[in-house]
Amino acid sequence: MHTLRARGTMKPEISAAVGFLSRFLRIKGHVNDRQLQTFSQTLQDILAEQYKHHWFPDRPCKGSGYRCIRINHKMDPLIWQAGQRIGLTIQQLYLLLPSELTLWVDPFEVSYRIGEDGSICVLYESQPGATGNPASVVPTATSNPAPGSASMPSLMDSHISCKEELLLGRTSPSKTYMMTVSS
């Protein structure tokens, strides 16, 4: 059973996602601090409302597709809504944000991929505490381990992230390039 308190644990994940997207706007320099703050707060509110009935800490992959933020020849409507709030046109958003972006906002993990064949990178990761109390979730800095590396969770682990399931079930290998130098 999902209590309101359990669903309230989405705040660090939403903050990580919004912070990531807001940095693109700040880096390009086309928005002032007030606009950036309004965009961030608006997007946080929109995501919290959007995810409130689709947040399952005991089954993090459930609803992952619903919570996925996507820009791929089409602007994600939630980002577009926050951009409109600060007066940005859809064309301006396309210039400020990556043209191919997938951002997964899941319980205990926020990750992204830029480009269709890009690597999946983790922005935020936490583990539920031994008691399962949301207050005992501890964020950790991490990077996405390479498949087959010692730090990749085994299939026997009780928690495999949605993105790890995607990588494990991938039908074609990711593109890895190797450069050699000879003398």
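Residues numbered from 1 in each chain as written. Predicted model: local features only at pLDDT ≥ 70, side-chain atom pairs only at ≥ 80, totals over all residues. Heavy atoms only, no water.

By the naming in an unreviewed UniProt entry, the protein is Protein BTG1, taken from Chanos chanos. Turning to the protein, the UniProt record has this under Function (unreviewed entry): "Anti-proliferative protein." (UniProt positions renumbered as here; feature names shortened; annotations may be inferred.)

1. Thoughts on the overall build of the protein
Summing up its helical and strand segments, the protein has seven helices and five strands in all. Seen in sequence order, the protein has helices and strands lined up from the N terminus as α-α-α-α-β-α-α-β-β-β-β-α. Buried positions account for 39% of the 183 residues belonging to the protein. Here the protein displays about 11100 Å² of accessible surface, and carbon together with sulfur accounts for 55% of that area. (Helix = DSSP H or I, 4+ residues; strand = E, 2+ residues; numbered from the N terminus. Buried < 20%, exposed > 50% of the residue type's maximum accessible area, 1.4 Å probe, protein only. Areas by Shrake-Rupley, 256 points an atom, 1.4 Å probe, with all protein chains shown as cover.)

2. Comments concerning the packing of helix H2 (residues 11-28) against helix H3 (residues 33-51)
Interaxial distance between H2 and H3 falls to 10 Å at its minimum, and their mutual angle equals 145°. Relative to H3, H2 is oriented so that their crossing is right-handed. Contact residues: H2 offers Ile 14, Ser 15, Val 18, Leu 21, Ser 22, Leu 25 and Arg 26, while H3 offers Leu 36, Phe 39, Ser 40, Leu 43, Gln 44, Leu 47, Ala 48 and Tyr 51. (Axes fitted to C-alpha atoms, helices over the stretch in contact; angles between N-to-C directions. Left-handed = near helix turned anticlockwise from the far one by under 90°. Contact = heavy atoms within 4.5 Å.)

3. Topic: the pairing of strand E1 (residues 69-72)
Burial along E1 is one-sided: the face carrying Ile 69 and Ile 71 is buried and the face carrying Arg 70 and Asn 72 is not. Taken together, the four bridges between E1 and strand E2 (residues 100-106) define a ladder with antiparallel strand orientation. Counterpart to Asn 72 in the pairing with E2 is Glu 100. (Pairing = 2+ DSSP bridges.)

4. Looking at unusual backbone geometry
Look at His 73: it is not a glycine, yet its phi comes out positive at around 65°. Tracing the sequence through the fold places His 73 in the loop between E1 and helix H5 (77-85). According to the relative accessible area criterion, His 73 is exposed, its value standing at 70%. Despite not being glycine, Phe 108 shows a phi value in the positive range, around 75°. Mapped onto the elements of the fold, Phe 108 is located in the loop between E2 and strand E3 (109-114).

5. Topic: H2
Between its first and last C-alpha, H2 extends 26 Å over 18 residues, near the 26 Å set by a 1.5 Å rise per residue. A positive backbone phi angle near 75° is found at Gly 29, which sits one or two residues after H2. (Expected span 1.5 Å × (residues − 1).)

6. Considering the nonpolar core
Within the largest apolar cluster, 34 residues are counted, with the highest numbers of intra-cluster contacts made by Leu 21, Leu 25, Ile 79, Leu 97 and Leu 103. Those elements giving two or more residues to this core turn out to be H2, H3, E1, H5, helix H6 (90-96), E2 and E3. By residue number, the principal contributor to this core is H2, which donates eight residues. Those residues in contact with Leu 97 that lie beyond four places of it in its chain are Leu 21, Phe 24, Leu 25, Ile 71, Met 75 and Ile 79. (Core = buried A, V, L, I, M, F, W, Y, C linked by side-chain atoms within 4.5 Å.)

7. Some details on the packing of aromatic side chains
Between two aromatic rings, the relevant description is the distance of the centres plus the angle of the planes. In the structure shown here, the tally under the stated rule is three aromatic pairs. Aromatic side chains Phe 20 and Phe 24 sit 5.1 Å apart centroid to centroid with 85° between the ring planes, which places their arrangement in the edge-to-face category. Taken as a pair, Phe 20 and Phe 24 lie in helix H2 at a separation of four residues, close to a single helical turn. A connected cluster of aromatic rings, assembled from ring pairs, spans Phe 20, Phe 24 and Tyr 112. Across from the ring centre of Phe 56, 4.4 Å away, lies the NZ or CZ of Lys 62, which sits over that ring. (Phe/Tyr/Trp six-rings, centres within 6.5 Å; stacked < 30°, edge-to-face > 60°. Lys NZ or Arg CZ within 6 Å of the ring centre and 35° of its normal.)

8. Observations regarding the pattern of salt bridges
All chains considered together, the criterion is met by four salt bridges. Between Asp 106 and Arg 67 there is a salt bridge, with the nearest N and O atoms lying 2.7 Å from each other. Here the residue Asp 106 occupies a position in strand E2, and Arg 67 occupies one in helix H4 (residues 64-67), the gap between them amounting to 39 residues. (Salt bridge = Lys/Arg side-chain N within 4 Å of Asp/Glu carboxyl O.)

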